[in-house]
Every structure is written in structure tokens, then in C-alpha cells.
Amino acid sequence: MNADAQAGAAGPIRVLLVEDHQTMLWGLQKLIDGERPRMEVAGTALTCADAVDKAARLAPDVILLDLDLAGVCMIDFLPELLANGLSRALVLSCERNTDILDQAVRRGARGILHKEVAAEYVLKAIDMVHRGELWFDAETMARMFGQLLGARSGNKPDQALAKHASLTARERDIVHAAVEHSGSANRLVAERLFISEHTLRNHLTSIYRKLDVTSRLEMYVYAIRHGLVQPDSAGERHGHFIERPG
């Protein structure tokens, strides 16, 4: 079975386009629908209210949105767009203000693209965000890592030790594998551990709770910061970071 047939069998990646510039919207529709059966446009929205309504009704896999919609900043509406629990947000914007972009990430955006990027990168980012990965440039990743490290640095040593002691031996193995293979999806990490992806997700949920983190990205930072895994094990990552919900 070829790649297109496999994509069709699994169902296309359904994308909601949130964009108020008609020319850009038309181009994005043509680009994405041209990738059938791998992905398709599930709907379009020109206004904030329409975007929130369609995100709830259509539950698209990926919401590709501009942050500035007719003068309205969409950052404050990201939690509403993602309230269905199924969609992932990918920002496509002209915005260069790093404070605003970082706010978008904190509100739930899984990736950021600038509008001048080549079409192939838009498609690749949609695909990666749908698979549970993050799409950020190196500068954004560095800022987010710095913020996460800063947020965690207030933990007292005894509190950290108590958290580490609460992990089972198997959970420690999973932390090590997840960090060592941070560029791999959950399915591949599970295969390396000889367990099912479902079992891995259950373990990750328990680990997140014990370490007081919310994602593989935070677990990665925490593990390196507190010595659960040596930095050399993590390897070098460029351009993206896998993040599957637990």
C-alpha cells in the first residue's frame, strides 16, 4: 500500500484555516486540498467568533491561524479554540514580537510559522503538529527552555529528591528513554521499551503527575535540570521536539 493509500485509509488530516486575508486564505486552501488524501481543509473562518464556533463543531485535527484577525489578537482565544481536546494549534503569522509569540505558546500553540516560509514547510509543520510534535525555530526553543528552567529552579532540593524517589524503576527507564529519544514519537519510544504505546502513555501520565510537569518537553527539561538523565544522552535536536500528550 503506498503512502497516499495509507493516508486515505487512516483518514486525512483535517485543517481549520483561520485567516481574514482572502488571498492568503485562497492560497492555503489550494495548498492543503492539493495534498488529498493526506490532508484536507475542514473549514475556514474569517472572524474570531466563527473560528471558535467551527473549532467546537468541526473538531479539526489542526487549526492553522493568524494571530491578528481583523485587529483582534487571537492569543486570548486559543484556549477556547482548543477546548474540544482534539485540535492542535499552529500559528501562521507575520508577528515578530517574541513576547507575543511566547504568549501564544503558553496559551497552547504547538508551532509557529512566519508567513514568508515556503509552502513545503507549511505542509510539513501541519503534518508534524498533527503527529504530536512541536514546530519552533531554534531561537524560540531556546527561549522556552530558558523559561521552563527558570520556572522550575524555585524547587527546593528536598522537594526534588522526594519527587525522584516517588518514581518506580520502570518509570525511571521511561524518563531516560523519552529523553534519549526526544526526537521520536511515542510509538517509536514504546517500541524501544518493548511496550505498547497505550502502556507508555499511562506511564507518562504517572510520571508527569509525580514530577509536576505537563508534557514531554517539560519532562525533558526537568530531567536534564535535576540530573535524572545526563545531558549527553539527550543528543542534539534541530527545529522541532516531539510532544505526545500522556
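Our subject is the structure listed above.
Residues numbered from 1 in each chain as written. Predicted model: local features only at pLDDT ≥ 70, side-chain atom pairs only at ≥ 80, totals over all residues. Heavy atoms only, no water.

Draft legend 1. Structural detail: the packing of aromatic side chains. As enumerated under the stated definition, the model contains 1 aromatic pair in all. With 6.4 Å between their ring centres and 50° between their planes, Tyr121 and Trp135 make a pair best called tilted. With a gap of 14 residues between them, Tyr121 in helix α6 (residues 119-130) and Trp135 in strand β8 (residues 133-135) connect regions that are remote in the sequence. (Phe/Tyr/Trp six-rings, centres within 6.5 Å; stacked < 30°, edge-to-face > 60°. Helix = DSSP H or I, 4+ residues; strand = E, 2+ residues; numbered from the N terminus.)

Draft legend 2. Examining the pattern of salt bridges more closely. Enumeration over the complete set of coordinates arrives at 15 salt bridges. A salt bridge links Asp127 to Arg38; its shortest N-O distance comes to 3.9 Å. Residue Asp127 is found in helix α6, and its partner Arg38 is found in the loop between α2 (22-33) and β2 (39-45); the two are separated by 89 residues along the sequence. We note a salt bridge from Asp53 to Arg57, for which the minimum N-O separation is 2.9 Å. Taken as a pair, Asp53 and Arg57 lie in helix α3 (residues 48-58) at a separation of 4 residues, close to a single helical turn. In this structure Asp53 comes out as partly exposed when scored by relative accessible area, which is 35%. In this structure Arg57 comes out as exposed when scored by relative accessible area, which is 55%. (Salt bridge = Lys/Arg side-chain N within 4 Å of Asp/Glu carboxyl O. Buried < 20%, exposed > 50% of the residue type's maximum accessible area, 1.4 Å probe, protein only.)

Draft legend 3. Spotlight on the packing of helix α11 (residues 197-211) against helix α12 (residues 216-225). Between α11 and α12, the shortest axis-to-axis distance is 11 Å and the interhelical angle comes to 55°. Taken together, the axes of α11 and α12 are oblique relative to one another. Relative to α12, α11 is oriented so that their crossing is left-handed. Each of Leu204, Ile207, Tyr208 and Leu211 in α11 lies in contact with α12, whose residues at this interface are Arg216, Met219 and Tyr222. Counted by class, the contact of α11 with α12 contains 6 nonpolar, no polar and 1 charged residues. (Axes fitted to C-alpha atoms, helices over the stretch in contact; angles between N-to-C directions. Parallel < 35°, antiparallel > 145°, perpendicular 65-115°, else oblique. Left-handed = near helix turned anticlockwise from the far one by under 90°. Contact = heavy atoms within 4.5 Å. Nonpolar A, V, L, I, M, F, W, Y, C, P; charged D, E, K, R; others polar.)

Draft legend 4. Representation of the nonpolar core. One finds Val18, Ile63, Leu65, Met74, Leu81, Val91 and Ala104 to be the most contacted residues of the largest nonpolar core, which totals 27 residues. For this core, the secondary structure elements donating two or more residues are β1 (13-18), α3, β3 (62-65), α4 (78-81), β6 (88-93), α5 (98-106) and β7 (109-114). Ranked by residue count, the leading element in this core is α3, at 4 residues. Among all residues touching Ala104, those that are not within four sequence positions of it are Leu67, Ile75, Leu78, Val91 and Ala109. In terms of nonpolar packing, the next biggest core, distinct from the first, is built from 22 residues, Leu167, Leu200, Tyr220 and Leu228 among them. (Core = buried A, V, L, I, M, F, W, Y, C linked by side-chain atoms within 4.5 Å.)

Draft legend 5. Spatial organisation of the side chain of Glu19. Looking at the element boundaries, Glu19 is found in the loop between β1 and α2. By relative accessible area, which is 2% here, Glu19 ends up buried. At a separation of 2.9 Å, a polar atom in the side chain of Glu19 contacts the side chain of Lys115. (Polar contact = N/O pair within 3.5 Å; in protein donor to acceptor, adjacent residues only side chain to side chain.)

Draft legend 6. Region of interest: α6. Its 12 residues give α6 an end-to-end C-alpha distance of 17 Å, which sits within 8% of 16 Å, the value for a rise of 1.5 Å per residue. Every buried residue belonging to α6 is among Val122, Leu123, Ala125, Ile126, Asp127, Met128 and Val129, and all of these are buried. Count one or two residues on from α6 and you reach Gly132, which has phi positive near 100°. (Expected span 1.5 Å × (residues − 1).)

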